[in-house]
Amino acid sequence: MAEARAAEVDIVYLDYNATAPLRPEALDATLAALNSVGNASSMHHLGRDAAARVDAARRQLAGLLNCSTGEIIFTSGATEANNLALRAAYARSGALVTTAVEHPAILETARAVTEGEPDSLVLLPVDGDGAVDLEPLDGIFRERQVALVSVMLANNETGVLTDLTPIVKAAHEAGALVHTDATQYVGRLPVDLDVLDVDLLSLSAHKFGGPQGVGALFLRRGTSLPHRPLLVGGGHERGWRAGTLNVAGIAGLGAAAEAAGLKLQSESARVSDLRNALEVGLTARVPGCRINGAGAPRLPGVTSITFPGMPADAVLAAMPYVAASDGSACSSGAPTPSHVLLAMGRTRDDADSTVRFSLGYDTTRRDIERGVDAAAEAVAQVRSVLAATAEP
Ligand code: PMP
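Residues numbered from 1 in each chain as written. Predicted model: local features only at pLDDT ≥ 70, side-chain atom pairs only at ≥ 80, totals over all residues. Heavy atoms only, no water.

Caption draft 1: Fine view of the packing of aromatic side chains. This model, assessed by the stated rule, comprises two aromatic pairs. Seen in terms of ring centroids, Tyr16 and Tyr361 are 6.0 Å apart; in terms of plane orientation they differ by 85 degrees. Their pairing is edge-to-face. Here Tyr16, found in the loop between strand E1 (12-13) and helix H1 (24-34), pairs with Tyr361, found in the loop between strand E12 (354-358) and helix H13 (365-389); they are 345 residues apart in sequence, far enough to count as distant. Every member of this aromatic cluster is reached through a ring pair, and the members are Tyr13, Tyr16 and Tyr361. Above the face of the Tyr361 ring, Arg23 is positioned so that its terminal group lies 4.1 Å from the ring centre. (Phe/Tyr/Trp six-rings, centres within 6.5 Å; stacked < 30°, edge-to-face > 60°. Helix = DSSP H or I, 4+ residues; strand = E, 2+ residues; numbered from the N terminus. Lys NZ or Arg CZ within 6 Å of the ring centre and 35° of its normal.)

Caption draft 2: Layout of empty space enclosed by the protein. Summed over all chains, the structure comprises one cavity of 30 Å³ or more. In this model, the largest cavity occupies a volume close to 70 Å³. Forming the boundary of the largest cavity are Thr99, Val101, Glu102, Gly130, Val132, Val151, Met152, Asn155, Thr158, Val160, Thr162 and Met344. For the lining of the largest cavity, the class distribution of residues is six nonpolar, five polar and one charged. (1 Å grid on protein atoms, 1.4 Å probe; cavity = no way out; pocket = protein on both sides within 12 Å on 5 of 7 lines; lining within 4 Å. Points joined across faces, edges and corners; volume = space filled by probe spheres on them. Nonpolar A, V, L, I, M, F, W, Y, C, P; charged D, E, K, R; others polar.)

Caption draft 3: The arrangement of the environment of Val132 in detail. Counting through the fold element by element, Val132 comes out in the loop between strand E4 (121-124) and helix H5 (137-143). Since its relative accessible area comes to 16%, Val132 is described here as buried. For Val132 and Asn83, which are 49 residues apart along the polypeptide, the C-alpha to C-alpha distance reads 22 Å. Among all residues touching Val132, those that are not within four sequence positions of it are Thr99, Leu124, Pro125, Val126, Val151 and Thr162. (Buried < 20%, exposed > 50% of the residue type's maximum accessible area, 1.4 Å probe, protein only. Contact = heavy atoms within 4.5 Å.)

Caption draft 4: Looking closely at H13. Compared with an ideal rise of 1.5 Å per residue, which puts 25 residues at 36 Å, H13 spans 36 Å between its outermost C-alpha atoms and is within 8% of the ideal. All of the buried residues in H13 are Asp367, Ile368, Gly371, Val372, Ala374, Ala375, Ala376, Ala378, Val379 and Val382. Close packing links the buried residues of H13 with E1, helix H9 (264-285), helix H10 (312-317), strand E11 (322-323) and E12. (Expected span 1.5 Å × (residues − 1).)

Caption draft 5: Spotlight on the pattern of salt bridges. Following the criterion strictly, the structure yields 13 salt bridges and no others. Across the pair Glu267 and Arg270 runs a salt bridge, and its minimum N-O distance is 2.8 Å. Remark: Arg270 and Glu267 occur in helix H9; sequence separation between them is three residues, near one turn of the helix. Arg348 is paired through a salt bridge with Asp352; the nearest N and O atoms lie 3.7 Å apart. Separated by four residues within a single helix, Arg348 and Asp352 lie in helix H12 (residues 348-352), roughly one turn from each other. We classify Asp352 as partly exposed; its relative accessible area is 34%. Counted as one network, the salt bridges with shared partners bring together Arg275, Glu279 and Arg298. (Salt bridge = Lys/Arg side-chain N within 4 Å of Asp/Glu carboxyl O.)

Caption draft 6: How the structure looks around a negative patch on the surface. A cluster of acidic side chains, namely Asp127, Asp133, Glu135 and Asp138, defines a negative patch on the protein surface. Tracing the sequence through the fold places Glu135 in the loop between E4 and H5. (Patch = residues over 30% accessible without salt bridge, like charges linked within 9 Å, V, L, I, M, F, W, Y side chains within 5 Å. Areas by Shrake-Rupley, 256 points an atom, 1.4 Å probe, with all protein chains shown as cover. Lys, Arg positive; Asp, Glu negative; His and termini not counted. Charge placed at Lys NZ, Arg CZ, Asp CG, Glu CD.)

Caption draft 7: Region of interest: the domain arrangement of the chain. Considered domain by domain, the chain is made up of domain 1 (2-16 + 263-390) and domain 2 (24-262). Each of domain 1 and domain 2 has a C-alpha centre, and these two points are 28 Å apart. On the side of domain 2, 33 residues touch domain 1, which itself brings 29 residues to the contact. In total, about 2400 Å² of surface goes out of reach between domain 1 and domain 2, with carbon and sulfur atoms giving 61% of it. Here domain 1 is connected to domain 2 by zero salt bridges. Of all the secondary-structure elements, those providing two or more residues to the side of domain 1 that touches domain 2 are H9, strand E10 (302-306) and helix H11 (339-343). With four residues, the top contributor of residues to the side of domain 1 that touches domain 2 is H11. Its residues placed into classes, the side of domain 1 that touches domain 2 shows 14 nonpolar, 10 polar and five charged. (Domains from an automatic or database assignment. Buried area = accessible area lost by both parts, 1.4 Å probe.)

Structure representation (C-alpha cells):
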C-alpha cells in the first residue's frame, strides 16, 4: 500500500477482498457530497444538485458494467442486493439453485427464503479447485421448475472464477432467471452485461475503492421479477428500495467505478503479476504450502494459501504488520471452518491453516516483498513454538 496512507505503522495491506482502501477520486466525490445540503428527492435547486450527483454516479456505474442507468438500484451493499434479488425471485414459482461456495449473503438468504421447504433449495457442488460442477444442472432443470439460479462470478476466499455462459443459456432455456453475486469481480475484471446476459447482478462499492455501506443491484429491463422490495416507503429507486438516497456514498461509488474502469486491463495484469510473485516467493520460502484453486481461472489479486499444520490465526498474529485474512473476513469471529474450503474437499485442519492474501490497485512490489518476508517468518515462528510445546 502507498507508504503515505499507511505511514503511521507502515502496514502492508493485503486484504482487498475484505475491503479496498478508498480511492482518492471516491474520497473527493464523497466529501463534496457530504459538504453540500440537499435531498435528492427535493425539487429546489439544492435537491437537484444532489440528484445530479446520483445521476452522475448512475452513469459512471452503468459505464463500468455496460448497462443502462435505469437498470441500477442503489442499495446499502451487496448483502442487501443479494437479499433483494433472492427474495423477489423466490416469489416466482420454483426452486432456488445456487452453489456450495457462495458468500453467506447468498447462502443464508437462500436458506431463509426457502425455510421449511428444503426441496426448494439446490446447492451445486464444486471440484477440488473450487470450480462449480455444472453436471447436475440439466437434471435439475428436467426434474423441477427453477425460479432463479444464482452463481457468483468470483469467489471471495479463493478468487476462483465461474464462466456463467453455459449456466445462463441452460437457465434461460428452462425459464429460470439468473443472478450473479459479482461483488469481488466488479472493478477487478471487465464486466459487459450485454455479453454476460444475466438478469440480476449484485455489487458493493467498497470492494473496488468506493465507500463502505453502499452498493447496487442491476435488474435487467424487462425482467419479469415480482415486485418485492425489502424496504417500502417513499418509492425511491423506482419503488425497489425506499429511503432517502445515500448521496455521498453513491457519489463515491460512482467515482470509484469510473476510476476502476479507466485502467481495468493494465491494472488486472499488474496485480496478477504481483499475486504470482507472492505465490512464487511464499512457495519457495515455505515448503509444503499449497495454493487453493491454483488449477482454476482466478481473480488477478487473490491467493488462498494453506500452511499445513500452522493455525492461520497464529500465523496472522505473528505478522501483525501485514493485514491479511484467515478465510473470509465476513465470517471471521465465527469459529467454523471455511465452508468454501470444505466444499473443495479440504480437511478442517487445512481450512483452519489457510490464509487469504488479496491485492489491489494500491499494492506495490515492495508490499509483496515485505508480505513474503513477514509471512515466511511468521510461519517459521509458529512452527518453532509448536515444536517447542509438542509432547516429547
Ligand atoms: N458477496 C461477496 C462475494 C462478498 O465478498 C461480500 C463481502 N465480503 C458480500 C457479498 C457482502 O458485501 P457487503 O458486506 O458489502 O454487503
